[in-house]
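Now for the letters of each chain:
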Amino acid sequence: MASGIKDKVAILGMGCSRFGERWDCGTEQLLNEAFGEALKDAGIERKQIEAAWFGSALDKANVGNSAIPLSTALRLEGIPVSRVENMCATGTEALRGAVYAVASGAVDIALAIGAEKLKDTGYGGLPVNSKGTFNDLWMPYGSAPAGFAQLAAGYRAKYGVSKEDLKTAIGRVSWKSHQNGAKNPKAHLQKAVEMETILKAPIIAEPLGVFDCCGVSDGAACAILTTPAIARSLGKKDLVTVKALALSVSSGREQSTSQWDGSYVMNTRNAAKAAYKEAGISDPQAQLSMLEVHDCFSITELVTMEDLGVSKDGEAWKDVMNGKFDADGRIPCQIDGGLKCFGHPIGASGLRMVYEHYLQLTGRAGPRQLGNPTLGLSHNLGGVPYNGVCGISIVGLQGV
Amino acid sequence: MQTTSGLKSFGAFIPRRRLQRAAIAAAHAWAFPGLKGQAKGERAMCGWDEDVITMAVEAGRDCLRGSDASRIAGLTLASTTAPYADMNNAVFVGTALRLSSSAGGADVGGSTRAGLSALIAACRAAGEQDSLVIAADKRSARPGSVQEMQTGCGAGAVSVGQGAGVIARFLDAETVSVPFIDHFRKAGADFDYGWEERWIRDEGIARIVPQAVSRLLKRLNLSGERVAHFGLSGGPAKSDAAVAKALKLAPERVLPDLSVNVGDTGTAHPLLLLVSALERAQPGDIIVIAAFAQGCEVIAFEMQQAASDTGRRGLAGSIAQRIEETAYLKLLSYEGQLDLDWGMRAETDHKTALTQLYRSADQIFGFVGGQCSACQQVQFPRLPTCVNCGESDTQKPYPLVDEPARVATYTADWLQYSPSPPLYMGLVQFDCGARLLMEMVDVGAAGIEVGTPLTMSFRKKERDKLRGWDRYFWKASPINPNPSASPSN
């Protein structure tokens, strides 16, 4: 029986570029910005990296396909470098590749890095891409917010929540993230916003308004992974280790059968179950110190609280209103501002979530530092609620 | 004994959007205040995703409802506005109607009388196997023209055959072919060029049509009084009444000309008038329909029996299913006469792999999904392995077009480019178990909600402006887009 990943791999160093509208630089600079920070944090030389995984989702708006753009940008010579892509969960895929490489014993030190340059498209939001020659013939092209907005219809229908109550609750989700983002100097959006502004914003995809949607950003994030033994031999103390890595991908059941009611994300539930098992978590609400979830849209974050088991089904909208996930709440969520305010450079996002947990666990989160966190869960979604990908990474202090 | 041949079924389709003529007149009042005199009633207007192919499919479905489409021997599609000049539009329509691949498919056109010409030809050639005649037009007119107020769009369909199922017996037909040019449109031109209405009415219709009808009635040994339903297409307003007067037909025998609520549907018009007659005729009634254009075609039927109740929408039902439209600029934008700035999101390339289209033709045109023979799950798309039980190569074709369905999830997307924002989309749940993400169209003022009953309609999905190819697929629309409104007729 598989023994799982728990505590087999430690984070040696991490880096994250400033996210936002980085008119000043290209993907190559973003990659170097994140990598330079991580290398310094790890205290190693570039040549000590033995393998690398590069996450980039939208090759056309970025640096093209393959891993070559990464090996060129970071001048990684003669080592295996792979490019991974799994929609908005791409960053987590890069982490999985590097973590598993270390855990397998194939390499001692591996790099996971992701970057996206979304502000070179010329417009806001994500570009529309072909879904393949067959799907293009029948599947409607909806925007990303339209995919997730449907959760609101499903959630309201299942739990009998009024349009007004749900709109206020999802607005409260974004309000909280703006409060947090205001304390993050690397965030794309660093401004607190009033509830009234959020609720009155123009509609993007009913019922989601502008403030229910995350920022689409430029940025890069990376992690250098090794074994706990090597980390200690390099002088690291208070190690942050990987507790679980889970991934769930739709097989079509949600969008092609009546077995999904539209009020939750099946992939999140599948991945959470696997991750909790691997990490030995039996009571997520009590054991998890903090959450970084895929708040691409406010409604996504709301249902994710139920999918992760930190709210009861049908209760998340009330928990949100009661401040349960605020910075001073029972389980702080999106303490770095989340996708909503830190931003969402797709290939980087899954790694950026882990970066925040790493800062918090090592006591380096500055004005947004939480008190003695031990375990953080990152939740990274790709695709749409009824046909997508969910990656969950749990990291924590070694020994927890 | 001679076998009875004639019409066995009929169907109709009028696009749901009805543009108020007052809105057109108001938009042009600064330049053409005289249009106010035409500003009565409403005209049917195609959505950006509707054209001759989609309307023909809808009328054909209505006609074939409750019958076995695979038994149709051939389809003739009559239109002056079919989207493709070289590509058999009728075969395209027939595939969406799931006709047999051995059925014939022929496009005819060249004149707005082509619909009636095709029907006459089909009636004369009626054989043991039924054939289908569909006429459809999406008529464009220059902004500010009288034609813009008068034209409409729609499709009529009839099946023609022999034997006990005939509901209206074909009696005979008459043709006059003369170079009377009331209007024309050169190949490739956008709009018709028309001559003075008074000349058309007095020198054209008044002289040509009564003579042709009289000749036909005389040959049939019928007096004008026997004609219970008379319809004329192709003429200015009230020309039908003038012809009826010349033929000494009582005014109430003239079928409504559809000008007040649909507009002139060109090639489709004689078939729609025929459908209107079939909806009201009693056994024994004589129906005479004439189409004026470069002379005229006239056809006569004798009603045999009421059509069986297949739940068809018909013309009356099509007229009643309306969404009132007052935004005139929508017409211009849909027709491509107004080039709005849709932004960079509209720049996406929509190249279609014709190889893939042919491989999946029954799924895309016919909306045929699969049913797993192992677990019975109905599914779309039909892939090699069952979405529910994981068994491979167990999929049997399962048509979804007429299956009851409801909204499972939805949203109105204002971000994604659509020529008609917002783009309504969501998961559509069929009662048979199938579910898929679909675009939702013809959403009325009442909107949609989880559970809203839906019906399927064949539409354009995307336009490939670079190559001139349109993708077609099925979209869902509320069965009743306007629950609170009373039907109009």
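Residues numbered from 1 in each chain as written. Chains lettered and ligands numbered in written order. Predicted model: local features only at pLDDT ≥ 70, side-chain atom pairs only at ≥ 80, totals over all residues.

In this section: the overall build of chain B. Along chain B, the regular secondary structure elements total 12 helices and 23 strands. For chain B, the C-alpha atoms occupy an extent of roughly 70 × 65 × 45 Å along the three principal directions. Within chain B, buried positions represent 52% of all 489 residues. Within chain B, residue pairs in contact and separated by at least 24 positions form 73% of the contacts whose partners lie at least 6 positions apart. (Helix = DSSP H or I, 4+ residues; strand = E, 2+ residues; numbered from the N terminus. Buried ≥ 20, exposed ≤ 12 C-beta atoms within 10 Å, placed from the backbone. Contact = placed C-beta atoms within 7 Å.)

Quick look at the interface of chain A and chain B now. With 33 residues of chain A in contact, the opposing surface of chain B contributes 37 residues. Of all the secondary structure elements, the ones that give two or more residues to the side of chain A that touches chain B are helix H4 (135-138), helix H5 (144-159), strand S5 (203-205) and helix H9 (253-256) of chain A. Of all the elements, H5 of chain A adds the most residues to the side of chain A that touches chain B, at seven residues. Of the residues in the side of chain A that touches chain B, the class split is 17 nonpolar, 14 polar and two charged. (Nonpolar A, V, L, I, M, F, W, Y, C, P; charged D, E, K, R; others polar.)

Another point: the domain arrangement of chain B. Interface size is often expressed as the accessible area that is lost when the parts come together. Residues and elements named next belong to chain B. Domain boundaries in chain B define domain 1 (5-334) and domain 2 (344-478). The partner domain 2 presents 15 residues to the 16 residues of domain 1 that form the contact. Elements with a minimum of two residues in the side of domain 1 that touches domain 2: helix H2 (52-64) and helix H3 (89-96). No other element matches H2, which puts four residues into the side of domain 1 that touches domain 2. When grouped by side-chain class, the residues that make up the side of domain 1 that touches domain 2 number seven nonpolar, three polar and six charged. (Domains from an automatic or database assignment.)

With that settled, consider the nonpolar core. If you look at the biggest cluster of nonpolar residues, it comprises 269 residues, and the most contacted ones within it are Ala98, Ala112, Ile113, Cys222 and Ala223 of chain A together with Ile134 and Ile287 of chain B. No other element matches the nine residues that helix H15 (residues 346-361) of chain A contributes to this core. What isoleucine 134 of chain B contacts, discounting residues up to four positions off in sequence, is Ala56, Ala59, Gly60, Leu75, Leu77, Val93, Ala155 and Ala157 of chain B. (Core = buried A, V, L, I, M, F, W, Y, C linked by C-beta atoms within 7 Å.)

Turning next to the environment of glutamate 279 of chain B. Residue and element names in this part refer to chain B. With respect to the helices and strands, glutamate 279 occurs in helix H8 (residues 269-280). Assessed through the 18 C-beta atoms surrounding it within 10 Å, glutamate 279 is described here as partly exposed. Those residues in contact with glutamate 279 that sit more than four places away from it in its chain are Gly314, Leu315 and Ala316.

Turning to the domain arrangement of chain A, a few remarks are in order. Residues and elements named next belong to chain A. Taken as a whole, chain A is organised into domain 1 (10-123 + 218-239) and domain 2 (144-210 + 241-397). Computed over C-alpha atoms only, the centres of domain 1 and domain 2 are separated by 23 Å. On the domain 2 side, the residues contacting the 37 residues of domain 1 number 34 residues. Mapped onto the side of domain 1 that touches domain 2, the elements with two or more residues apiece are strand S1 (10-16), helix H3 (90-104), strand S4 (110-117) and strand S7 (218-226). For the side of domain 1 that touches domain 2, the element with the highest residue contribution is H3, accounting for eight residues. Its residues assigned to classes, the side of domain 1 that touches domain 2 shows 22 nonpolar, nine polar and six charged.

All names here are of chain B. One open sheet accounts for nine strands, arranged S5-S4-S6-S7-S1-S8-S13-S12-S11; its pairing is mixed. Looking at strand neighbours, the two that pair on one side only are strand S5 (104-108) and strand S11 (227-233), the edges of this open sheet. When the angles between neighbouring strand axes are averaged without regard to direction, this sheet yields 25°. Summarising the sheet, strand S8 (residues 168-177) and strand S13 (residues 295-303) pair through nine bridges and their orientation is antiparallel. Within S13, the residue paired with valine 176 across the bridge is cysteine 296. (Pairing = 2+ DSSP bridges. Axes fitted to C-alpha atoms, helices over the stretch in contact; angles between N-to-C directions.)

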